[in-house]
Amino acid sequence: MSYIHSIGEYFLMIKGVFGRMTKRSVLKELIFKEINELIIGSLGIVAFISFFIGGVVAIQTALNLNNPLIPKTLIAFAARQSIILEFAPTFISIIMAGKVGSFITSSIGSMRVTEQIDALEVMGINSLNYLIFPKIIAMLTYPFVIAISMFLGILGAYAAAVFGGFVGSDLFLEGLQDGFEGFHLVYAFIKTFIFAWILATIPAYHGYYMKGGALEVGHASTTSFVWTSVVLIITNYVVTQLLLS
Amino acid sequence: MIEIKNIHKGFDGEEILKGIDFVFETGVTNLIIGQSGSGKSVLLKTMLGLFKPEEGSIEYDGKAYSSFTDEEQRELRTEVGMLFQGGALFDSMTVEENVMFPLRMFTNQRKREMKSRVAEVLKRVNLEGSENKYPSEISGGMQKRVAIARAIVNKPKYLFCDEPNSGLDPTTATVIDKLIQELTVENNITTVVITHDMNSVLEIGENIAFLKDGLLAWKGDKSQIFQTDDETVTDFVYSSNLFKKVRDAQLKGH
């Protein structure tokens, strides 16, 4: 019963977010601030993880190519496919659920605990719009992060495969272009937009409707991470089934 | 002036406010006092429109809040200043940005004009020089003064204060009380203060509503509260050891 209540509350929250808008000049400033905090602030960790995971994917593939009939170009092909289709959009999103999602929940939750949200409401400000709308708009630039992740993941794979002596540069580049389908990128970026929505709204819901004190803010952040990850994984399955099957 | 008539409000089947009538006058500090759980905060939030009463009406200068259109309600909110118990300052903003916030949201003033008004208000609450500090960098008393500055910067007609002295030492608490009273008179505001601090009652209690178990148990002013024989009031007033000792001394003729 409580799940149904939460789902209903979530959709009412979304309705409220698109209700009475905050003054445009203030909103513009808030959006830039959120882009800086949520997107630019995440680039470092995304770049670091993508580069090294890309490298590991290449090494693992190379080490498992025992059959001489399988061409070495498969190393680049496998790295490209796994990074573009799953690693960059899905696994980076789960990492972002931990980083960005927890930040959103705890920042909104702290505002709830310290009556800052009540202060906004008393002033006649639509707190849902003021707090959550800029985050949703900022997350529209999330595909930019995923594009960087894809690029660095493949770069990491190249570095590990070529400089690790598993395959020559020419063969790697040939494998990278082998059987490339543009639709795979379209699929990845459709997923990314949906994930961006999930990453902005589910943690915001957990922060906005939390009750209690500082301890509950921590609890809400954990719950938010779990639920954001669950929804991401299920959505990933559904979108993949719909677009690639 | 704010007049509340027969206000009823409950949660989960439990009635918290059981029919309260009171008139909060303009230009004086109106106090709502009572023990924890007596319904003070619920009454305040109901008056602010954060809770909808199940019965009764709230009239702002003779006009019932329930008859306001959405636009009128929003307009009323811009005429309300609120001082929260913990200050409720925005952590991510400096003192100046916090105080400027209502001006940015509800006026079309230029930045220079806003800065000048903020400087004027900060000077009034004795906080010049703190413009660029964050709430975490200033003391509790200073945070309360910043919150007062934010509440009055847009020249409100109504000022609500939820336990403005909580967590403050007696000296700072007196400063805050006096500041609230002075601002009320200077700007002819209808001020409503929730407190259970008897020092505040002595300092600024010009029109007092005493709540007990969701009912208006007594009303009067600071001089009358120490003369009443009403047991519910005396139990509350003399629950403080200090006041009890003062009364005992008075009775002994010291």
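Residues numbered from 1 in each chain as written. Chains lettered and ligands numbered in written order. Predicted model: local features only at pLDDT ≥ 70, side-chain atom pairs only at ≥ 80, totals over all residues. Heavy atoms only, no water.

A.B. asks: Looking at this structure, I do not really get the overall build of chain B. What am I missing?
C.D. replies: Per the secondary structure count, chain B includes ten helices and ten strands. The globule rule puts the C-alpha radius of gyration for 254 residues at 18 Å, and the 19 Å found for chain B is close to it. Structurally, chain B occupies a C-alpha span of about 60 × 45 × 35 Å along its principal axes. Sorting the 254 residues of chain B into buried and exposed places 50% on the buried side. Counting only contacts in chain B whose residues sit at least 6 apart along the sequence, the fraction spanning at least 24 positions is 67%. Carbon and sulfur atoms provide 46% of the accessible area of chain B, an area that totals close to 12,000 Å². Placing the 31 positive and 39 negative side-chain charges of chain B at their respective mean positions leaves the two points 5 Å apart. (Helix = DSSP H or I, 4+ residues; strand = E, 2+ residues; numbered from the N terminus. Rg over C-alpha atoms; globule rule 2.2 N^0.38 Å. Buried < 20%, exposed > 50% of the residue type's maximum accessible area, 1.4 Å probe, protein only. Contact = heavy atoms within 4.5 Å. Areas by Shrake-Rupley, 256 points an atom, 1.4 Å probe, with all protein chains shown as cover. Lys, Arg positive; Asp, Glu negative; His and termini not counted. Charge placed at Lys NZ, Arg CZ, Asp CG, Glu CD.)

A.B. asks: For this particular structure, what's the right way to read the pairing of strand S2 (residues 14-24) of chain B?
C.D. replies: Where a strand is regular, its side chains alternate between the two sheet faces. Residue and element names in this part refer to chain B. The pairing of strand S1 (residues 2-11) with S2 spans eight bridges and is antiparallel. When the bridges of S2 are listed, Glu 3 appears paired with Val 23. Here S1 hands over to S2 after two residues, with Asp 12 in that stretch at a positive phi of 50 degrees. (Pairing = 2+ DSSP bridges.)

A.B. asks: Can you walk me through the confidence of the model for chain A in this structure?
C.D. replies: One rule of thumb: low pLDDT means the predicted coordinates there are not for detailed reading. The share of residues in chain A with pLDDT of 70 or more is 100%, and the mean pLDDT across the chain is 94. Looking over chain A, one finds the lowest element-wise mean pLDDT in helix H5 (residues 116-122) of chain A, namely 91, and the highest in helix H6 (residues 127-139) of chain A, namely 97. (pLDDT = per-residue confidence, 0-100.)

A.B. asks: Whenever I open this one, the side chain of B:Ser38 confuses me. Can you help?
C.D. replies: Residue and element names in this part refer to chain B. By secondary structure assignment, the location of Ser 38 is in the loop between strand S3 (29-33) and helix H1 (40-47). The buried category is assigned to Ser 38, whose relative accessible area is 3%. Each residue touching Ser 38, except ones within four places of it in the same chain, is listed here: Leu 211, Lys 212, Asp 213 and Gly 214.

A.B. asks: Can you walk me through the environment of A:Leu43 in this structure?
C.D. replies: All names here are of chain A. On the secondary structure map, Leu 43 appears in helix H3 (residues 43-63). On a C-alpha basis, the gap between Leu 43 and Ile 14 in space is 27 Å, while along the polypeptide they are 29 residues apart. Contacts of Leu 43, omitting those with residues within four sequence positions, involve Phe 144, Val 145 and Ile 148.

A.B. asks: For this particular structure, what's the right way to read the interface of chain B and chain A?
C.D. replies: Put simply, an interface is often sized by how much accessible area is lost when its parts join up. Tallying the contact residues gives 26 residues for chain B and 19 residues for chain A. A per-residue breakdown of the area chain B buries against chain A is headed by B:Phe84, B:Arg104 and B:Met105, which together make up 29% of the total. Between chain B and chain A we count one salt bridge in total. The salt bridge partner of A:Glu29 is B:Arg104, with a shortest N-O separation of 3.0 Å. (Buried area = accessible area lost by both parts, 1.4 Å probe. Salt bridge = Lys/Arg side-chain N within 4 Å of Asp/Glu carboxyl O.)

A.B. asks: Teacher, can you tell me more about unusual backbone geometry here?
C.D. replies: Residue and element names in this part refer to chain B. Even without being a glycine, Asn 6 presents a positive backbone phi close to 50 degrees. Under the relative-accessibility criterion, Asn 6 is labelled partly exposed at 31%. Although it is not a glycine, Asp 12 sits at a positive phi angle of roughly 50 degrees. Given the relative accessible area of 85%, Asp 12 is considered exposed.

A.B. asks: What's the story with the sheet that holds S1(B) in this structure? I'm lost.
C.D. replies: Across a sheet, strands are paired by hydrogen bonds formed along the backbone, either parallel or antiparallel in direction. Residues and elements named next belong to chain B. The strand order S2-S1-S4-S5 describes an open sheet built from four strands, whose pairing is antiparallel. The open sheet terminates on both sides in strands that have one partner only, identified here as S2 and strand S5 (63-64). Sheet analysis places strand S4 (residues 55-60) next to S5, joined by two bridges and oriented antiparallel. Of the residues in S5, the one forming a bridge with Glu 59 is Ala 64. Set on the sheet, H1 makes contact with S1, S2 and S4; between it and S1 the angle comes to about 115 degrees. (Axes fitted to C-alpha atoms, helices over the stretch in contact; angles between N-to-C directions.)

A.B. asks: Help me understand the domain arrangement of chain B, please; the structure alone is not making it clear to me.
C.D. replies: All names here are of chain B. Under the domain assignment used here, chain B contains domain 1 (2-79 + 157-251) and domain 2 (93-155). On a C-alpha basis, the centres of domain 1 and domain 2 stand 26 Å from each other. Counting residues at the interface gives 15 residues for domain 1, matched by twelve residues for domain 2. Summed over both sides, the interface between domain 1 and domain 2 buries roughly 1,000 Å², with carbon and sulfur atoms accounting for 69% of that surface. The tally of links from domain 1 across to domain 2 stands at two salt bridges. Arg 124 is paired through a salt bridge with Glu 182; the nearest N and O atoms lie 2.9 Å apart. Inspection of the domain 1/domain 2 interface yields four residue pairs in polar contact (both at pLDDT 80 or more). The element best represented in the side of domain 1 that touches domain 2 is helix H6 (residues 170-187), accounting for seven residues. For the side of domain 1 that touches domain 2, a count of residues per class yields seven nonpolar, four polar and four charged. (Domains from an automatic or database assignment. Polar contact = N/O pair within 3.5 Å; in protein donor to acceptor, adjacent residues only side chain to side chain. Nonpolar A, V, L, I, M, F, W, Y, C, P; charged D, E, K, R; others polar.)

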